[in-house]
Amino acid sequence: MSSHASQGIEFDEPLIFERGAPGRTGLSLPPLDVPAVEPADVFGALARRTPARLPEVSEPEVVRHYTRLSQKNFGIDTAFYPLGSCTMKYNPRVNEWAARLPGFSRLHPYTPEDHMQGALELMLRLERQLAEICGMDGVSLHPAAGAQGELTGLMMLRAFFRSQGRSPRKVLIPDSAHGTNPASCALNGLDAVAFPSGPDGVVEPETVARLCEKHTGDVAAIMLTNPNTLGLFETHILQLSKIVHDAGGLVYGDGANLNALLGRARPGDLGIDVMQFNLHKTFTTPHGGGGPGSGPVGFKRFLEPFRPSPVVKEVGEGGTITYTLDHDRPQTVGRLRSFYGNWGMMLRAFAYITEMGHDGLRAAAEAAVLNANYLRARLGDTLQVAYPGVCMHEVVFTDRDLCKELGSKTVTMDLAKRLLDHGFHAPTVYFPLVVPGALMVEPTETETRQTLDDFVETVKGVVKELREDPARAHGAPFNTRLRRLDEARAARKPVLRWTPKE
Ligand SMILES: Cc1ncc(COP(=O)(O)O)c(C=O)c1O
């Protein structure tokens, strides 16, 4: 079995608050060169009476602490990370260079507009790049994650209906959808109507037509992920868009899987009215995990009045163009977060798109799809492919047959855990929910054939081991710092608070 992982020393690292000693410091501040101020004179009752309990540590202690924490992490910079759906895409170093340019990184969000013309221009240019890539008329960079982009898109859709004197509530969502789709509906006060995908894993027009009839006059939208979370292209997308539009609804595109379509197809040309981009999944920014990421929203012209505010605007023409922030947006859904979005992510995405250009993005999409199909073809006789046929950027396997053959219920979990011992991050497991024992593999475009072959040989080896010595994999992982965790307990009784010892 192919394996490049071995064991090395890792440290038990306490919290930084548990390190250090009173008076220890890593700072050397210059002498005060302004008059000293008594905090109570300035802040009154709000002034702190006791010092904050901050760690008192030396510089090497801080450096070691964070280096050791980073060593506990498995990242895309460490090894192959074939996490389906969530996508761990390599973040090129040129992005980091761009994001660290002092003129950008030191920009304060309260900087007057005439001092941040370059930043405003870059934001507008990124909006236009994303709009062009997706066939949309406009893009807002405000949302801080894909999920927040969904929330924003649905808010805009509701505001649009309200402006028309309507308030339809039903949002049709196939059972393969990401969990954030129904959650975004619920946060918008909309009703998610789940429906089954067809036997070949894609949405069937007849099902959607039936639902539109059942909820006549109350269909706000269909939420479609394309390619869907089974890694399949929604082949009836044009028909689906028409059915929902004819029923008075709009088409929301979950653009999380856009990586497979770049330069090949544009959601806007497929009938999508509003969509979110997950910059981390397509445009190589770090994954925000619902937080400091970026999930811009693309929309068709009729939704423009409702986009988040403020909006970057170009004023003048030719050599006299300036950029300004337009706050006068009476129909806007408002602000989604502080300031204008996650600036560092915008810089990284802009650097990536600009470097790749049209041909580069298209080549990336093609390689991502090719790599997924290579794994599908090479592993198809070892693991069972959930939906036979060509896939897009990710391939979903099921452990159904292997569980039956081995009399086990945990083949997917055992395989995933055993892969860790060989230095591979596990693929996504047990999602999408419609596939029993799903194992969802997304190799992305940057992996070499050699890495893919190593992965294939390792998976084959683990499956062989499962047949010969099932207890071994069931006890895995063995080489990681922590052994198999009680995931139910970790989810239900997480320890989230730390209280200092007196
Ligand atoms: C299909 C799909 N929709 C939505 C999301 C949510 O995106 P985010 O994690 O950026 O909030 C994801 C996760 O990457 C996803 O795969």
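The paragraphs below set out a description of the structure included in this document. Quantities reported herein were computed from a predicted structural model and do not represent experimental measurements. (Residues numbered from 1 in each chain as written. Predicted model: local features only at pLDDT ≥ 70, side-chain atom pairs only at ≥ 80, totals over all residues.)

**Comments concerning the overall build of the protein chain**
Our working rule: Each helix is a run of DSSP H or I of at least 4 residues and each strand a run of E of at least 2, with the numbering of both proceeding from the N terminus. Only the C-alpha atoms count toward the radius of gyration. The rule for a globule is 2.2 Å times the residue count to the power 0.38. With C-beta atoms placed from the backbone, the exposure class of a residue follows from how many other C-beta atoms lie within 10 Å of its own: 20 or more, buried; 12 or fewer, exposed; in between, partly exposed. By the convention adopted here, residues make contact when the C-beta atoms placed from their backbones lie within 7 Å.
For the protein chain, the count of helices and strands is 16 helices and 13 strands. Relative to its length of 502 residues, the protein chain is compact, with a C-alpha radius of gyration of 25 Å against a globular reference of 23 Å. Taking the principal axes of its C-alpha atoms as reference, the protein chain extends roughly 80 × 60 × 45 Å. Put simply, the protein chain has 502 residues, and 41% of those count as buried. For the protein chain, the proportion of contacts with a sequence separation of at least 24, taken over those separated by at least 6, is 73%.

**Points about the sheet that holds strand β4 (residues 219-225)**
Defined as follows: Pairing between two strands requires that DSSP report at least two bridges joining them. Lines fitted to C-alpha atoms define the axes here, with helix axes fitted over just the stretch in contact, and angles between the N-to-C directions of these axes take values from 0 to 180 degrees.
The 7 strands lie next to each other as β1-β7-β6-β5-β4-β2-β3, forming an open sheet whose pairing is mixed. Of all strands in the sheet, those bounded by a partner on one side alone are β1 (138-140) and β3 (191-195). Neighbouring strand axes in the sheet, compared pairwise and without regard to direction, differ in orientation by 25° on average. Packing against the sheet, helix α8 (residues 205-214) makes contact with β2 (170-174), β3 and β4, and its axis sits at approximately 145° to β3. In this fold helix α9 (residues 237-246) packs onto β4 and β5 (250-254), with an angle of close to 165° to the strand it touches most, β4.

**Observations regarding the pairing of β4**
Worth spelling out the cut-off: With its strands directed away from the observer, a crossover is right-handed exactly when the path from the first strand over the helix to the second travels clockwise.
With respect to burial, β4 is a largely interior element, 7 of its 7 residues being buried. Sheet topology note: the β2/β4 ladder contains 3 bridges and is parallel. In the strand pairing of β4, Leu 172 is matched with Ile 222. Bridge count for β4 against β5 is 5 bridges, and the pairing is parallel. Paired with Met 223 across the strands is Tyr 252, a residue of β5. Crossover handedness for the path β4 to α9 to β5: right-handed.

**Observations regarding the sheet that holds strand β11 (residues 395-398)**
The strand order across the open sheet formed by 4 strands is β10-β11-β13-β12, and the pairing between neighbours is antiparallel. Bordering the open sheet on either side are β10 (384-385) and β12 (428-429), each of which pairs with just one other strand. Of the strand pairs in this sheet, β10 and β11 are connected by 2 bridges, and their pairing is antiparallel. Bridge pairing in β11 places Gln 384 opposite Thr 398. The sheet contacts of helix α11 (residues 343-379) involve β10, β11 and β13 (438-441), and relative to β11 the element is tilted by about 25°.

**Quick look at the packing of helix α6 (residues 146-163) against helix α7 (residues 180-187)**
Definition in use: Roughly parallel covers angles under 35 degrees, roughly antiparallel covers those over 145, roughly perpendicular covers 65 to 115, and oblique covers all other angles. Crossings are sorted by hand: turned counterclockwise from the far helix by less than a right angle, the near helix makes the crossing left-handed, and turned clockwise it makes it right-handed. In the scheme used here, Gly and all other residues not listed as nonpolar or charged are polar, with Ala, Val, Leu, Ile, Met, Phe, Trp, Tyr, Cys and Pro taken as nonpolar and Asp, Glu, Lys and Arg as charged.
One way to put it is that α6 packs onto α7 with a least axis distance of 9 Å and a crossing angle of 45°. With respect to each other, α6 and α7 are oriented oblique. Helix-helix and strand crossings are classified by hand; for α6 and α7 the assignment is right-handed. Side by side, α6 and α7 meet where Gly 146, Ala 147, Glu 150, Leu 151 and Leu 154 of the first sit next to Thr 180, Asn 181, Ser 184, Cys 185 and Leu 187 of the second. In the contact of α6 with α7, the residues fall into 5 nonpolar, 4 polar and 1 charged.

**Focus: the site of the ligand**
We apply this condition: The criterion for a residue being near a molecule or strand is a backbone-placed C-beta atom within 6 Å of that molecule or strand.
For the ligand, the set of nearby residues contains 17 residues, the closest of which are Ala 145, Gly 146, Ala 147, His 178 and Ala 256. Split by residue class, the shell around the ligand holds 4 nonpolar, 11 polar and 2 charged.

**Quick notes on the environment of His 245**
Here His 245 lies in helix α9. Given 15 C-beta atoms within 10 Å, His 245 falls into the partly exposed group.

**Notes on the packing of helix α13 (residues 411-421) against helix α14 (residues 449-468)**
Put simply, α13 and α14 touch, their axes get as near as 10 Å, and they point 125° apart. By the angle between their axes, α13 is oblique relative to α14. The crossing of α13 and α14 is right-handed. Contacts between α13 and α14 involve Val 411, Asp 414, Leu 415, Arg 418 and Leu 419 from the former and Thr 458, Val 462, Val 463 and Leu 466 from the latter. Split by residue class, the contact of α13 with α14 holds 6 nonpolar, 1 polar and 2 charged.

**Remarks on the pairing of β2**
If a strand is regular, its side chains alternate between the two faces of the sheet. β2 sits mainly inside the fold: 5 of its 5 residues count as buried. Burial along β2 is two-sided: Lys 170, Leu 172 and Pro 174 facing one way and Val 171 and Ile 173 facing the other are all buried. Judged from the 5 bridges that link them, β2 and β3 form a sheet pairing that is parallel. When the sheet's bridge partners are listed, Lys 170 is paired in β3 with Asp 191. Taking the sense of rotation as the criterion, the β-α-β connection linking β2, α7 and β3 turns out right-handed.

**Topic: unusual backbone geometry**
Between Asn 226 and the following residue, Pro 227, the backbone shows a cis peptide bond with an omega angle of -5°. Inspection of the secondary structure puts Pro 227 in the loop between β4 and α9. A positive phi angle, near 55°, is found at Thr 284, a position not held by glycine. Its place among the elements puts Thr 284 in the loop between α10 (279-282) and β7 (297-299). One non-glycine residue, Phe 339, lies in positive phi territory at about 55°. Summarising the element assignment, Phe 339 is placed in the loop between β9 (322-326) and α11.

**Focus on the nonpolar core**
Stated precisely, the cut-off is as follows: Residues of type Ala, Val, Leu, Ile, Met, Phe, Trp, Tyr and Cys that are buried and joined through C-beta atoms within 7 Å form what is called a nonpolar core.
In this structure, Ala 221, Ile 222, Val 244 and Tyr 252 are the most contacted members of the largest nonpolar core, which totals 114 residues. The element best represented in this core is α11, accounting for 16 residues.

**Remarks on helix α5 (residues 117-134)**
Convention followed: Helix span is expected to be 1.5 Å times the residue number reduced by one. What the arc covers is the set of directions going from the helix axis to the C-beta atoms.
Helix length check: α5 (18 residues) gives 26 Å between terminal C-alpha atoms against 26 Å at 1.5 Å per residue, within 8%. By the burial criterion, the buried members of α5 are Ala 119, Leu 122, Met 123, Leu 126, Glu 127, Leu 130, Ile 133 and Cys 134. Buried positions in α5, seen along its axis, are confined to an arc of 140° and lie on one side of it. In this structure, the buried residues of α5 make contact with α4 (102-105), β1, β6 (274-276), β7, β8 (311-315) and α11. Note on α5: the residue one or two positions beyond its end, Gly 135, has a positive phi of about 70°.

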